[in-house]
Amino acid sequence: MNLELIDWAWLVSWSQPLMRAGQVLLILILAWIAQRILTRGITRLGQRYPQLPPELLMPLRGLTRWLILGSAIMLVLERLGVSAQVLWGALTGFVAVAAIAFFAIWSVLSNMFCTLLIFALGPFRIGDCVEVLESADKPGVRGRVLAINLFYTTLEDLTGDAPGTWLQIPNSLFFQKAVRRWRNGELPTARKIEP
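These figures come from a predicted structure and were not determined experimentally.

> Before we go on, may I ask you to explain helix H4 (residues 106–121) in this structure?
A turn of α-helix holds 3.6 residues, and therefore any two residues three or four places apart point the same way. In a regular helix each residue adds 1.5 Å, so 16 residues correspond to 22 Å; H4 covers 22 Å between its end C-alpha atoms and thus fits that length. Among the residues of H4, Asn111, Cys114, Thr115 and Ile118 are the ones counted as buried. Mapping the buried residues of H4 onto a view down its axis gives an arc of 110°, with all of them on the same face. Set apart from the buried face of H4 by more than 90 degrees, the exposed residues are Trp106, Phe113, Ala120 and Leu121.

> What is the right way to look at the nonpolar core in this model?
In a soluble, globular protein the nonpolar side chains are often hidden away together inside. Membership of the largest hydrophobic core is limited to nine residues, which are Ile118, Phe124, Val130, Val132, Val145, Ile148, Leu155, Ile169 and Phe174. Of all the secondary-structure elements, those providing two or more residues to this core are strand S1 (129–133) and strand S2 (141–148). Those residues in contact with Ile148 that sit more than four places away from it in its chain are Glu55, Thr115, Ile118, Phe119, Phe124, Ile126 and Thr153. Counting residues in each nonpolar core, the second largest holds six residues, with Val24, Ile68, Ala72 and Val76 among its members.

> Please clarify how the sheet that holds S2 should be interpreted in this entry.
Across a sheet, paired strands are connected by hydrogen bonds in the backbone, their directions being either parallel or antiparallel. A sheet is described by the order of its strands in space; here five strands give the open sequence S4-S3-S2-S1-S5, paired in antiparallel fashion. Of all the strands in the sheet, just strand S4 (166–170) and strand S5 (178–182) have a single pairing partner and so form its edges. Taken pair by pair, the neighbouring strands of this sheet meet at an average axis angle of 40°, ignoring direction. Direction of pairing for S1 relative to S5: antiparallel, over a ladder of five bridges. Its bridge partner lying in S5, Val130 is registered against Arg181.

> Would you take a moment to explain the side chain of Thr153 for this structure?
Tracing the backbone shows Thr153 in strand S3 (residues 152–157). A distance of 2.5 Å separates polar atoms of two side chains, one belonging to Thr153 and the other to Asn171. With sequence-adjacent residues up to four places away left out, Thr153 is seen in contact with Ile118, Phe124, Val145, Ala147, Ile148, Leu167, Gln168, Ile169, Asn171 and Phe174.

> Where do I start with the pattern of salt bridges in this structure?
When their charged atoms lie close together, side chains carrying opposite charge are able to pair. Inspection of every chain in the model, using the stated rule, returns five salt bridges. Between Asp128 and Arg181 there is a salt bridge whose closest N-O contact spans 2.8 Å. You can see Asp128 sitting in the loop between H4 and S1 and its partner Arg181 sitting in strand S5, a full 53 residues away along the chain. For Arg180, the salt bridge goes to Glu131, with nearest N and O atoms at 3.0 Å. Taken as a pair, Arg180 in strand S5 and Glu131 in strand S1 lie far apart in primary sequence, 49 residues in all. A relative accessible area of 36% means that Arg180 is categorised as partly exposed. Linked by salt bridges that have partners in common, Glu131, Arg142 and Arg180 make up one network.

> Sorry, what's going on with the environment of Val145 here?
Secondary-structure assignment places Val145 in strand S2. The buried category is assigned to Val145, whose relative accessible area is 1%. For the pair Val145 and Gly127, spaced 18 residues apart in sequence, the C-alpha to C-alpha distance is 5.2 Å. Setting aside residues up to four positions removed in sequence, Val145 forms contacts with Phe124, Arg125, Ile126, Gly127, Asp128, Val130, Thr153, Thr154 and Leu155.

Rules of the game
- Residues numbered from 1 in each chain as written.
- Predicted model: local features only at pLDDT ≥ 70, side-chain atom pairs only at ≥ 80, totals over all residues.
- Heavy atoms only, no water.
- Helix = DSSP H or I, 4+ residues; strand = E, 2+ residues; numbered from the N terminus.
- Expected span 1.5 Å × (residues − 1).
- Buried < 20%, exposed > 50% of the residue type's maximum accessible area, 1.4 Å probe, protein only.
- Arc of directions from axis to C-beta.
- Core = buried A, V, L, I, M, F, W, Y, C linked by side-chain atoms within 4.5 Å.
- Contact = heavy atoms within 4.5 Å.
- Pairing = 2+ DSSP bridges.
- Axes fitted to C-alpha atoms, helices over the stretch in contact; angles between N-to-C directions.
- Polar contact = N/O pair within 3.5 Å; in protein donor to acceptor, adjacent residues only side chain to side chain.
- Salt bridge = Lys/Arg side-chain N within 4 Å of Asp/Glu carboxyl O.

Bear in mind that shape data such as this cannot, by itself, settle questions of function.
Now the structure itself:
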């Protein structure tokens, strides 16, 4: 009879840590399942709508993954006894510092926003020839669009100065200057005027 009391005492002493470990494991498994479902959904969305650029879907998958991971970490810390007030205080402090840092790097953010506008509005696409004009009477930077990423659009230089070199133009510049576009990827040939 005394042996049975010892077994029950051991079980009672370990029940709380085992319960917390089970809850933490459940949180992590559910976070992993949610992350897999949402990233697969984003991938299928990209396959169903091919006009959505992969350069937009990849950061969206990453953002989803980090949001789920952050939420899971907060829930695990809460289950391990960290106060919710402390967690939210730390989170809001971090968000405030991050907002100030993002405000300090506004030019980078404007390039990222302009990238979203380029993908959404489609002023040009990969393979098009574009020219960013300095003014109406001065020629600007001209080239074939090779790639569009979050900060730059890469052009293959088509001017006579250095043909074949690559130019990286900040995406915000396409919304600050006039842009000339040739859709088929070929520059028009100059017409000869005969006397």
